[in-house]
Protein chains: 2
Amino acid sequence: MHASNSSSKEQKFQVQKLLLQRTVCDSVSDKDFEDRFRELSALGDDHIISVIEDESSGKIIATGSIFIEKKFLRNCGKVGHIEDVVVDSNARGLKLGKKIIAFLTEHAHLMGCYKVILDCSLENKAFYEKCGFKQKEIQMVKYFI
Amino acid sequence: MHASNSSSKEQKFQVQKLLLQRTVCDSVSDKDFEDRFRELSALGDDHIISVIEDESSGKIIATGSIFIEKKFLRNCGKVGHIEDVVVDSNARGLKLGKKIIAFLTEHAHLMGCYKVILDCSLENKAFYEKCGFKQKEIQMVKYFI
């Protein structure tokens, strides 16, 4: 389970297909994809995308990302932000979501974060509680488009 | 109102004092502060800290930060994350919080974000609604220390 350094068209297609199960994920051009891939790669361990691949089919069946925010408060502390967790609808019940969260949480810990946070719907609260998270605040949003 | 490029000891002291009104903000060494300042400066417009200074006293009386997350989904979209908004307790009622949020929201817009988000306590919900935000999700957290 890792953020691959390869950005093949097949992988791009698979990650897009998986994200589409959760939110809007338009088809992007190869150039846009590669530019964004390079931008994120340049951030090194401060922004990683983890994937779980079904080795028999070569299919990506779960993904989740984390980026590390650097603050002044909490003794120049760091906070891990978990984003875009998706498990393929055909691979539910295998605890892959829990594995993704455990991996990303451990990454935040290893990076020296004092906490790791994520926003989720109320219906996913119980799942994240099983992963050791507690509800703290509410998320407010403003859309531009 | 801007992220200053200067990191004088006086400014450092003032920002720390202000953040202390909201959360844990230990005293950090000059070296740690300058290292973190350089790390954040290197991110350019992808991570800014805005401040409002009372020009008569030279005191920083409000602050708030934003960083830009880059995604693959939403056509390689970007999301603005607002963090650490604080108004000096002696400067409440001057709508400085609203000014900080308006500035950070406009920054997210100018950076091409499709949305801007923030986490807050339930008691601050009404304030952010006045700033044009709507509640969407809940925030889950896991502390390491």
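Below: a short report on this structure. (Residues numbered from 1 in each chain as written. Chains lettered and ligands numbered in written order. Predicted model: local features only at pLDDT ≥ 70, side-chain atom pairs only at ≥ 80, totals over all residues. Heavy atoms only, no water.)

### A closer look at unusual backbone geometry
If a residue is not glycine, its phi is most likely negative; likewise, a peptide bond is most likely trans. All names here are of chain B. One non-glycine residue, Arg-74, adopts positive backbone phi at about 55 degrees. Within the secondary structure, Arg-74 is located in helix α3 (residues 73–76). Here Cys-76, not a glycine, exhibits a phi torsion of approximately 55 degrees, which is positive. Mapping Cys-76 onto the fold places it in helix α3. Classification of Cys-76 as buried rests on a relative accessible area of 12%. (Helix = DSSP H or I, 4+ residues; strand = E, 2+ residues; numbered from the N terminus. Buried < 20%, exposed > 50% of the residue type's maximum accessible area, 1.4 Å probe, protein only.)

### As for the relation of the copies chain A and chain B
Turning chain A through 180 degrees and shifting it by 0.0 Å along the axis lays it on chain B, with an RMSD of 0.0 Å. As the rotation angle and translation indicate, the two copies are arranged about a two-fold axis. When C-alpha distances to the rotation axis are compared across chain A, the minimum falls at A:Ile138, with a value of 2.2 Å. When the interface residues of chain A are mapped onto chain B, 100% of them again fall at the interface, so both copies present the same face. (Least-squares fit on C-alpha atoms with pLDDT ≥ 70 in both. Contact = heavy atoms within 4.5 Å.)

### Brief notes about the nonpolar core
Counting 26 residues, the largest nonpolar core has A:Ile66, A:Ile82, A:Tyr128 and A:Phe133 as its most contacted members. Of all the secondary-structure elements, those providing two or more residues to this core are β1 (47–54), β2 (59–70), β3 (78–87), α4 (96–110) and β4 (115–120) of chain A together with β5 (134–143) of chain B. Broken down by element, this core gets its largest block of residues, 5 residues, from α4(A). Excluding residues within four positions of it along the chain, A:Ile82 makes contact with A:Ser65, A:Ile66, A:Ile101, A:Leu104, A:Thr105, A:Val116, A:Ile117, A:Leu118 and A:Phe133. Listed in part, the 25 residues of the second largest apolar core include B:Val87, B:Leu96, B:Met111 and B:Val116. (Core = buried A, V, L, I, M, F, W, Y, C linked by side-chain atoms within 4.5 Å.)

### Things to note about the sheet that holds β4(A)
Read across the open sheet, the 10 strands follow the order β1(A)-β2(A)-β3(A)-β4(A)-β5(B)-β5(A)-β4(B)-β3(B)-β2(B)-β1(B); overall the sheet is mixed. Taken across any chain shown, the strands that pair with only one partner, and hence form the sheet edges, are β1 of chain A together with β1 (47–54) of chain B. When the angles between neighbouring strand axes are averaged without regard to direction, this sheet yields 25 degrees. With 8 bridges joining them, β1(B) and strand β2 (residues 59–70) of chain B adopt antiparallel strand pairing. From the neighbouring strand, B:Val51 faces β2(B), where its bridge partner is B:Thr63. Strands β1, β2, β3 and β4 of chain A together with β5 of chain B of the sheet are contacted by α4(A), whose axis makes an angle of about 25 degrees with β2(A). Here helix α2 (residues 30–42) of chain B sits on the sheet in contact with β2 and β3 of chain A together with β1 of chain B, set at roughly 130 degrees to β2(A). (Pairing = 2+ DSSP bridges. Axes fitted to C-alpha atoms, helices over the stretch in contact; angles between N-to-C directions.)

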